[in-house]
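Structural characterization, general
Residues per chain, in single letters:
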Amino acid sequence: MASVNFMKCKGSMGAALMRHCDTEKRLAAGHSNPDIDKSKTADNIVLGVTEKTDSFEAAVQKYQTRIGQLDATTNGNHRKDRVTLFALEAPAPAGLSESQAVEWCKHAWVKLQEQYRPINCIAGYVHVDEQHEYVDRGKVRTSRVHLHAFVVPEVRGQLNGKRFSSKAAMQALNRELDTMSIEDFGKPFLTGEKPRKRSVEALKAESVESVQRAARELVREREAVLRLLEAIEKAAGRYDAMHTRSLEDRLRAA
């Protein structure tokens with residue numbers, strides 16, 4: 001990936017995503033996602049939530065408290081469809097070891113706090129337990145250690161998802177992470193590729209569907225080949241029978 005992926009969260013979506021990311025909840029729950037290696041889930045790291053246990057509940061409380069603070073003071077955005085949280089996803093640069101990638105995620109979390117203020121950075125989750133392949137722009141890629149971060153889109157005292165995720169704002173964050181990556185880890189974060197518009201999870205789902213379509217097409221092609229072979233065999237059988245009868249007729253005539 002060439003940049004941070006921004007996802008808007010409305011209503012209870014943010015809490016649901018934080019629950020999915022939380023280490024304890026991932027260990028306790030069963031997952032339909034076959035790419036989660038639960039033997040490594042305990043190595044995931046939670047950032048920004050001080051409680052050692054119940055980090056999900058603490059994160060939700062922190063999130064609700066921050067929204068309540070804004071609504072009680074400066075925030076004038078009370079629309080029902082307002083965006084109250086952003087889920088950011090950033091993979092560590094390619095070429096880092098797992099331990100280096102974890103450290104990169106921790107550094108990235110610090111940069112997020114500098115960019116958006118600690119009070120708005122609700123929780124960060126470093127995931128090392130997801131290893132899978134997906135297709136992006138026709139290329140097969142392998143997911144890497146990555147950071148999920150949940151941030152309240154407060155801009156000058158207002159909830160403002162549009163300005164928070166503006167092109168200029170996203171570019172500023174990506175440049176900060178790229179500078180940090182080069183200076184602290186000797187690897188660029190920005191690769192020169194066009195930023196993708198979908199998360200790895202969305203791309204993975206699309207990849208699965210693409211493989212399934214290819215498999216279905218392969219089955220159809222195989223069935224067509226079998227039908228053709230059967231037709232050839234039947235035609236060959238008819239020819240053999242006709243040839244045998246013709247030879248017998250000639251022998252009798254002789």
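Look up a bit, the structure's there.
Residues numbered from 1 in each chain as written. Predicted model: local features only at pLDDT ≥ 70, side-chain atom pairs only at ≥ 80, totals over all residues. Heavy atoms only, no water.

On to the pattern of salt bridges, then. All told, the structure shown has eleven salt bridges when counted by the stated rule. Residues aspartate 81 and arginine 79 are paired through a salt bridge, measuring 3.0 Å at the closest nitrogen-oxygen approach. With a relative accessible area of 51%, arginine 79 lands in the exposed category. Where lysine 106 meets glutamate 103, a salt bridge forms, and the shortest distance between an N and an O atom there is 3.4 Å. One end of the pair, lysine 106, and the other, glutamate 103, are both in helix H5 (residues 98-116), three residues apart, so they sit about a helical turn from each other. Classification of glutamate 103 as partly exposed rests on a relative accessible area of 34%. (Salt bridge = Lys/Arg side-chain N within 4 Å of Asp/Glu carboxyl O. Buried < 20%, exposed > 50% of the residue type's maximum accessible area, 1.4 Å probe, protein only. Helix = DSSP H or I, 4+ residues; strand = E, 2+ residues; numbered from the N terminus.)

Turning our attention to the nonpolar core. Counting 31 residues, the largest nonpolar core has Leu88, Trp104, Leu112, Tyr116 and Leu147 as the members making the most contacts within it. Where this core is concerned, the elements lending two or more residues are strand E3 (85-91), H5, strand E4 (121-127), strand E7 (146-151) and helix H7 (167-185). Top contributing element to this core by residue count: H5, with eight residues. Once residues within four sequence positions are removed from consideration, leucine 112 is found in contact with Leu88, Arg117, Cys121, Leu147, Ala149 and Leu173. Membership of the second largest hydrophobic core comes to 20 residues, among which are Ala59, Val60, Ala123 and Val152. (Core = buried A, V, L, I, M, F, W, Y, C linked by side-chain atoms within 4.5 Å. Contact = heavy atoms within 4.5 Å.)

The next subject is the sheet that holds E3. Neighbouring strands of a sheet are bound in pairs by backbone hydrogen bonds; such pairs are parallel or else antiparallel. Spatially, the five strands line up as an open sheet ordered E1-E3-E7-E4-E2, and their pairing is antiparallel. Since the sheet does not close on itself, it has two edges, and those belong to strand E1 (5-9) and strand E2 (45-47), each with one partner. Neighbouring strand axes in the sheet, compared pairwise and without regard to direction, differ in orientation by 15° on average. Across five bridges, E1 lies against E3 in antiparallel orientation. The residue bridging phenylalanine 6 from the neighbouring strand is leucine 88, located in E3. Here H5 sits on the sheet in contact with E1, E2, E3, E4 and E7, set at roughly 165° to E4. (Pairing = 2+ DSSP bridges. Axes fitted to C-alpha atoms, helices over the stretch in contact; angles between N-to-C directions.)

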